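Chain by chain, the residues:
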Amino acid sequence: MWLKTIFNKPATSTHDEEKHDAVKKTPSQQPATPARGATPIAERAALQPAKSANHQIEYDEKLIPQLKGDHAALLLMYSTVANRMSADKWEAVPAALREMRMAMYGHLLTEGVKLYSYMRRSLAEDPALHDVYRSYKREMDGIGRVAFDFFDKYQGKEWIVSRDARITFKDEFENLGKVLVDRITREENILYPLYIPS
């Protein structure tokens, strides 16, 4: 139930179909629910994963390069927000955060559906590697919850006018950046190499 633990939503096929339909709609057709606009990362994540005849997630040789590309895009978005703060362009920060939130949502969805589902099955016979996978998944659940709480906290613009709120935001944003860089580095160096054809 990784989807439920990260996004605090039920992992049902109806929910997944609604997400897929929402990504296909134009911005004017989007419902008035929390921002989930179509970015390339979110759009890719909404696609059905490759399945074999027995409905198991198959190995995808393009997945790791895709996930690493997502990491690079997320870090670039992080830098964009940092640059806007440095340039004292605070009014542009919430929109950049929304874009980063959508990109992270798409990335975590792809990881959950395509990477974690495959690894859960492929590493089941090796207890040590299965434990590595489980610890990364559990940690990512926690990081995802904290990150989305942060994005939700600062999605509006009312906090921008307060100097104290800006200082708090900057501290929390820098902490989020450290966590993301650490997690990305470890994923790419330790977790992703475990994703191999079974």
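Residues numbered from 1 in each chain as written. Predicted model: local features only at pLDDT ≥ 70, side-chain atom pairs only at ≥ 80, totals over all residues. Heavy atoms only, no water.

(A) How the structure looks around the overall build of the protein. Along its length, the protein carries seven helices and zero strands. Across the protein, helices and strands are ordered from the amino to the carboxyl terminus as α-α-α-α-α-α-α. Per-residue burial for the protein yields a buried fraction of 41% across its 198 residues. Within the protein, counting contacts between residues at least 6 apart in sequence, those at least 24 apart form 75% of the total. (Helix = DSSP H or I, 4+ residues; strand = E, 2+ residues; numbered from the N terminus. Buried < 20%, exposed > 50% of the residue type's maximum accessible area, 1.4 Å probe, protein only. Contact = heavy atoms within 4.5 Å.)

(B) Representation of the environment of Ile 160 within the structure. Its location among the elements puts Ile 160 in the loop between α6 (127–153) and α7 (163–191). The class of Ile 160 is buried, set by a relative accessible area of 7%. For the pair Ile 160 and Trp 90, spaced 70 residues apart in the sequence, the C-alpha separation amounts to 6.3 Å. Those residues in contact with Ile 160, other than ones at most four positions away along the chain, are Trp 90, Glu 91, Pro 94 and Arg 166.

(C) Summary view of empty space enclosed by the protein. Per the counting criterion, the structure on display carries one cavity of 30 Å³ or more. Taken as a whole, the largest cavity encloses approximately 80 Å³ of empty space. If you go around the largest cavity, the residues you meet are His 71, Leu 74, Met 104, His 107, Leu 108, Glu 111, Met 140, Leu 180, Arg 183, Ile 184 and Glu 187. At the level of elements, α4 (63–86), α5 (93–122) and α7 are the ones that each hand at least two residues to the lining of the largest cavity. Looking at the lining of the largest cavity residue by residue, the classes come out as six nonpolar, two polar and three charged. (1 Å grid on protein atoms, 1.4 Å probe; cavity = no way out; pocket = protein on both sides within 12 Å on 5 of 7 lines; lining within 4 Å. Points joined across faces, edges and corners; volume = space filled by probe spheres on them. Nonpolar A, V, L, I, M, F, W, Y, C, P; charged D, E, K, R; others polar.)

(D) Spotlight on α7. Spanning 29 residues, α7 covers 40 Å between terminal C-alpha atoms, matching the ideal 42 Å at 1.5 Å per step. Residues of α7 that are buried: Ala 165, Phe 169, Phe 173, Leu 176, Gly 177, Leu 180, Arg 183, Ile 184, Glu 187 and Leu 191. Where α7 is buried, its residues touch α4, α5 and α6. (Expected span 1.5 Å × (residues − 1).)

(E) Fine view of the packing of α5 against α6. As a packed pair, α5 and α6 sit with axes 11 Å apart at the nearest point and diverge in direction by 160 degrees. Between α5 and α6, the crossing angle belongs to the class labelled roughly antiparallel. Crossing of α5 over α6 shows left-handed handedness. Judged by residue contacts, Leu 97, Met 100, Arg 101, Met 104, Tyr 105, Leu 108, Glu 111, Tyr 116, Met 119 and Arg 120 of α5 engage His 130, Tyr 133, Tyr 136, Lys 137, Met 140, Gly 144, Ala 147, Phe 148, Phe 150, Phe 151 and Asp 152 from α6. Among the residues making up the contact of α5 with α6, the classes are represented as 14 nonpolar, two polar and five charged. (Axes fitted to C-alpha atoms, helices over the stretch in contact; angles between N-to-C directions. Parallel < 35°, antiparallel > 145°, perpendicular 65-115°, else oblique. Left-handed = near helix turned anticlockwise from the far one by under 90°.)

(F) Representation of the packing of α5 against α7 within the structure. Where α5 meets α7, the closest approach of the two axes is 14 Å, and the angle between their N-to-C directions is 25 degrees. Overall, the two elements α5 and α7 adopt an arrangement that is roughly parallel. Both α5 and α7 take part in a crossing whose hand is left-handed. Judged by residue contacts, Val 93, Leu 97, Met 100, Met 104, His 107, Glu 111, Leu 115, Tyr 116 and Met 119 of α5 engage Phe 169, Phe 173, Leu 180, Arg 183, Glu 187 and Leu 191 from α7. Counted by class, the contact of α5 with α7 contains 11 nonpolar, one polar and three charged residues.

(G) Just the pattern of salt bridges, in detail. For the structure shown, the criterion picks out nine salt bridges. Taking the shortest distance from any N to any O, the salt bridge between Arg 134 and Asp 131 comes out at 2.5 Å. Residue Arg 134 and its partner Asp 131 are both found in helix α6; the two are separated by three residues, about one turn of the helix. One network of salt bridges, with partners in common, ties together Glu 139, Asp 182, Arg 183, Arg 186 and Glu 187. (Salt bridge = Lys/Arg side-chain N within 4 Å of Asp/Glu carboxyl O.)

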